[in-house]
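Summary of the model geometry
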Amino acid sequence: MSRPLFVSLDGPKGVGKTTLLEAITKVLRADNIKVIRLCEKKSDPFRRETMALVNRLARNPCMDLEWEVCARFADSRAWISQHVLTKQPPYSIILMDRWYPSDAAFRRMVPFAEILQLNIDRNVQAPDLHVGVVTAPEISWARAAARTRGLSSTVMHKLEDHVACTQSFERAVAKHGWVLCRNEGMIEHATLQVVNEIYKLLNDL
Ligand SMILES: Nc1ncnc2c1ncn2[C@@H]1O[C@H](COP(=O)(O)OP(=O)(O)OP(=O)(O)O)[C@@H](O)[C@H]1O
Ligand SMILES: Cc1cn([C@H]2C[C@H](O)[C@@H](COP(=O)(O)O)O2)c(=O)[nH]c1=O
């Protein structure tokens, strides 16, 4: 297959997505594979306005605002799909830090399935391999808090919200058949699991 293979890693805060992406990149590049590392947050030209809206939603939770937030995230991903993903070189692997349904797992009012549909309706590119990274919420919460940058969340401040978000990701992974990667153990184990999934996919193409 000459088009790039699109792999996304998603999951609650602090589960180790960035750490894992770095480790996977090293392993693949050591095998002479062209790896393009992307991050939804940094590829999105409308990010500042959207996060301002997410902040407003956190202060004033209501259905209309929540729909607006979901639509904006989906619009941004449609933009990235069209202007960034299509520009990547053939025979490469795109590793994306967060993609849909990231925001869906943070939402409490708009149903998960409807947020997925918003993305599908806008032709947001679906990943070839969708990896949901999780840990027990207490572990990711503690790991995130111990980082120099801390939790680094604009709106996520309570462990109970993080627990709900983790459960939401776990349900989505099970329901949609995404690859579940538990990262409670050593990072090398999680890395090997995801790399093996990527090689399986490459072999099947
Ligand atoms: N398997 C592991 N064992 C121990 N510590 C780990 C493991 N994986 C990641 N960590 C550590 O956990 C912390 C959170 O990891 P990381 O920043 O990669 O998470 P993240 O999912 O990218 O977070 P965010 O969603 O906030 O961007 C980091 O300090 C990282 O070094
Ligand atoms: C905390 C939080 C996050 N999101 C969405 C916004 C992005 O798509 C991701 C990234 O969040 P991060 O803080 O950069 O890890 O999640 C959200 O929609 N609502 C939230 O409360």
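For the structure given in this document, a descriptive report is provided here. The shown structure was predicted, so the numbers you read here are calculated from the model rather than taken from an experiment.

A closer look at the pattern of salt bridges
Inspection of the entire model under this criterion finds 10 salt bridges. For R3, the salt bridge goes to D128, with nearest N and O atoms at 2.8 Å. With a gap of 125 residues between them, R3 in the segment before β1 (5–10) and D128 in the loop between α6 (112–121) and β4 (129–134) connect regions that are remote in the sequence. When its relative accessible area of 29% is taken as the criterion, D128 is described as partly exposed. In this structure, D103 and R77 form a salt bridge, with 2.9 Å as the shortest nitrogen-oxygen distance. You can see D103 sitting in helix α5 (residues 102–106) and its partner R77 sitting in helix α4 (residues 63–83), a full 26 residues away along the chain. With a relative accessible area of 3%, D103 lands in the buried category. Each of E40, R47, R77 and D103 takes part in salt bridges that share partners, so that together they form one network.

Details of the site of ligand 2
In the vicinity of ligand 2 lie 13 residues, with K13, E40, K41, R107 and V155 positioned nearest. A distance of 2.7 Å is found between an oxygen atom of ligand 2 and a side-chain nitrogen or oxygen belonging to K13. Look at ligand 2: alone it shows 450 Å² of surface, and the protein chains cover 94% of it. Counting residues per element, the ones that place at least two in the shell around ligand 2 are α2 (40–43), α3 (47–59) and α5.

Notes on the site of ligand 1
Lining the immediate surroundings of ligand 1 are 15 residues, of which K17, T18, T19, R147 and G185 lie closest. T19 places a side-chain nitrogen or oxygen 2.5 Å from an oxygen atom of ligand 1. One of the backbone nitrogen or oxygen atoms of I187 is found 3.4 Å away from a nitrogen atom of ligand 1. In the complex, 78% of the free accessible area of ligand 1, which totals 640 Å², lies under the protein chains.

Some words on α6
Turning to α6, its buried residues number three or more, namely F112, I115, L116, L118 and N119. With its buried residues spanning 150 degrees around the axis, α6 presents them on a single face. Considering only its buried residues, α6 is in contact with α4, α5 and α8 (159–176). Looking one or two places after α6, you find N123, whose phi comes out positive at around 60 degrees.

Reading guide: rules and limits
- Residues numbered from 1 in each chain as written.
- Chains lettered and ligands numbered in written order.
- Predicted model: local features only at pLDDT ≥ 70, side-chain atom pairs only at ≥ 80, totals over all residues.
- Heavy atoms only, no water.
- Salt bridge = Lys/Arg side-chain N within 4 Å of Asp/Glu carboxyl O.
- Helix = DSSP H or I, 4+ residues; strand = E, 2+ residues; numbered from the N terminus.
- Buried < 20%, exposed > 50% of the residue type's maximum accessible area, 1.4 Å probe, protein only.
- Near = heavy atom within 4 Å.
- Polar contact = N/O pair within 3.5 Å; in protein donor to acceptor, adjacent residues only side chain to side chain.
- Areas by Shrake-Rupley, 256 points an atom, 1.4 Å probe, with all protein chains shown as cover.
- Arc of directions from axis to C-beta.
- Contact = heavy atoms within 4.5 Å.

This is a description of form; function is not addressed.
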